[in-house]
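# What the coordinates show
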Amino acid sequence: YLPFTRPNLIEFKNSRSIIISNVIFQNSPFWNIHPVYCSNVVIRYVTILAPLDSPNTDGIDPDSSSNVCIEDSYISTGDDLVAVKSGWDEYGINYGRPSSGIVIRRITGSSPFAGIAVGSETSGGVENVLAEDINLYNVGVGIHVKTNIGRGGFIRNITVSGVYMEGARKGIKIAGDVGDHPDENFNPNALPVVKGITIKNVWGVKVLDSGSIKGLKNSPFTGICLSDINLHGVKGPTSPPFKCSDISGVAYQVKPWPCSELTSSQQTGSCSTYV
Ligand SMILES: *[C@@H]1O[C@H](CO)[C@@H](O)[C@H](O)[C@H]1NC(C)=O
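Please read these numbers as outputs of a predicted model, since none were measured by experiment.

Right, let's talk about the packing of aromatic side chains for a bit. What describes a pair of aromatic rings is the distance from one ring centre to the other and the angle between the planes of the rings. Tallied over the full model, the rule gives 3 aromatic pairs. On the basis of an interplanar angle of 25° and a centroid distance of 5.1 Å, the ring pair of Phe30 and Trp31 is categorised as stacked. For Phe30, a relative accessible area of 13% puts it in the buried group. Here Tyr37 and Tyr95 contribute two aromatic rings whose centre-to-centre distance is 4.3 Å and whose plane-to-plane angle is 25°, an arrangement assigned as stacked. You can see Tyr37 sitting in the loop between β3 (33–36) and β4 (39–49) and its partner Tyr95 sitting in helix α1 (residues 89–95), a full 58 residues away along the chain. According to the relative accessible area criterion, Tyr95 is partly exposed, its value standing at 45%. In this structure, Arg156 is placed above the aromatic ring of Phe154, and the distance from its NZ or CZ to the ring centre is 3.7 Å.

Here is the structure:
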C-alpha cells in the first residue's frame, strides 16, 4: 500500500500561457497531462499512448483551469481520453475554482473508459465546455458527464457535437452517482447542480448499450438536450434504449428514442443551452 498516488506525466500548476505541441507522451504512471489552476493553455498535435489496461492513465485533464484548447491529437490510454475536472469533494468546494472556456476538438482515440468526459471531480464547477469533431474507436463510454453526491459544485453549458463512435459499451452516460470520495469527510448534502448539457450530431456503430441519463433525486439535472443522434447496435439496428431518471430536457431526432423525461422538440434540431 502506497500513501501517495502515482504521479502525473506532466503537471502545470498555477501557470498561464502554455503551449504543449508536437510531443508524444507514452506509458504515464497516472494522468498524462494535467494543467491545474492554469489559464490560456493550448495542447495540440500530441500523441498520448498507454496500455488499455493501465489504471488512471487519463489523457488530458484540465482541472480548475480556464481558456484551455485541446485539439488535433490522438489519445489511446487505459482511462478517460479527455476529462474536465475542478477538484474533489470538500477540497474542491473549499478551493472553489471552476474550469471554464474549454474547447476540445478533432480528437481521435480509444479507451476502455470515456472518450470525452466531464468529471467526476467537479466540485469547483465546470462550465462553458465545447467538444466537437471527435472520433472514438472501442471505448467504454463515448460521452460521459459524471458527478456524485458530496461533490457540490456545478456542471453547466456543456456542448458535445460531432462525434463518431465505433465500438462502445455505452454511447452516452450522464450520471450523478459516479466515482468515489477522497475520504469520509465529504458532505452528503453537497449536491451538484447540473444544467444545460447539449449532445448533438452523434453517429455510433456497434454500440452495445445506448446508455443512461440519470440525475439526482434531490437535484434533478435540467436542460438536457439530445439532438440528431443515431446509435446503431451490435445485435439490432439500434442499440438498446436509454434509461433516464431525475432529468428534464428535450430530444430531437434521436435513435433510439431516449425516454419520456425528454420531451420532443419540434424546433430545427437546435438546443437552447438553458431549457
Ligand atoms: C456556453 O459555452 C460556450 C462555449 O462552448 C460559450 O461560447 C457561450 O458563451 C456559453 N454560454 C453562456 C450563456 O455562458
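There is more to say after this.
Moving on to the nonpolar core. Ranked by internal contacts, the top residues of the largest apolar core, which has 56 residues, are Ile60, Ile104, Ile199 and Ile213. Apart from the residues within four sequence positions on either side, Ile60 is in contact with Ile33, Ile43, Val46, Ile48, Ile70, Ile75, Leu81, Val82 and Ala83.

Moving on, we come to the environment of Pro240. Positionally, Pro240 belongs in the loop between β11 (221–231) and β12 (243–245). Judged by its relative accessible area of 38%, Pro240 falls in the partly exposed class. Considered as a pair, Pro240 and Ile199 are 41 residues apart in the sequence and their alpha carbons are 18 Å apart. The residues touching Pro240, leaving out its near neighbours within four places in the chain, are Val207, Leu208, Asp209, Ser210 and Pro256.

Tracing the chain through its elements places Asn94 in helix α1. Judged by relative accessible area, which is 66%, Asn94 ranks as exposed. Along the primary structure Asn94 and Gly223 are separated by 129 residues, whereas in three dimensions their C-alpha atoms are 27 Å apart.

Right, let's talk about unusual backbone geometry for a bit. Of note, the amide linkage connecting Gly119 to Ser120 takes the cis form, showing an omega dihedral of 0°. With respect to the element layout, Ser120 can be found in the loop between β7 (99–118) and β8 (126–146). For the bond from Lys255 to Pro256, the omega torsion is -5°, close enough to zero to count as cis. Residue position: Pro256 is located in the loop between β13 (247–255) and β14 (262–264). Look at Asn56: it is not a glycine, yet its phi comes out positive at around 60°. Position of Asn56 among the secondary structure elements: in the loop between β4 and β5 (66–76). Accessibility expressed as a relative area gives 27% for Asn56, which makes it partly exposed. Even without a glycine there, the phi angle at Asp228 is positive, about 50°. With respect to the helices and strands, Asp228 occurs in strand β11. Overall, the relative accessible area of 28% leaves Asp228 in the partly exposed class.

Evaluation of the coordinates by the stated rule reveals 9 salt bridges. For Arg106, the salt bridge identified is with Asp72, shortest N-O distance 2.7 Å. On the criterion of sequence distance, the pair formed by Arg106 in strand β7 and Asp72 in strand β5 is long-range, its members being 34 residues apart. For Asp80, the salt bridge goes to Lys146, with nearest N and O atoms at 2.6 Å.

Parameters and conventions
- Residues numbered from 1 in each chain as written.
- Predicted model: local features only at pLDDT ≥ 70, side-chain atom pairs only at ≥ 80, totals over all residues.
- Heavy atoms only, no water.
- Phe/Tyr/Trp six-rings, centres within 6.5 Å; stacked < 30°, edge-to-face > 60°.
- Buried < 20%, exposed > 50% of the residue type's maximum accessible area, 1.4 Å probe, protein only.
- Helix = DSSP H or I, 4+ residues; strand = E, 2+ residues; numbered from the N terminus.
- Lys NZ or Arg CZ within 6 Å of the ring centre and 35° of its normal.
- Core = buried A, V, L, I, M, F, W, Y, C linked by side-chain atoms within 4.5 Å.
- Contact = heavy atoms within 4.5 Å.
- Salt bridge = Lys/Arg side-chain N within 4 Å of Asp/Glu carboxyl O.

Taken by themselves, the reported measurements are silent on function.
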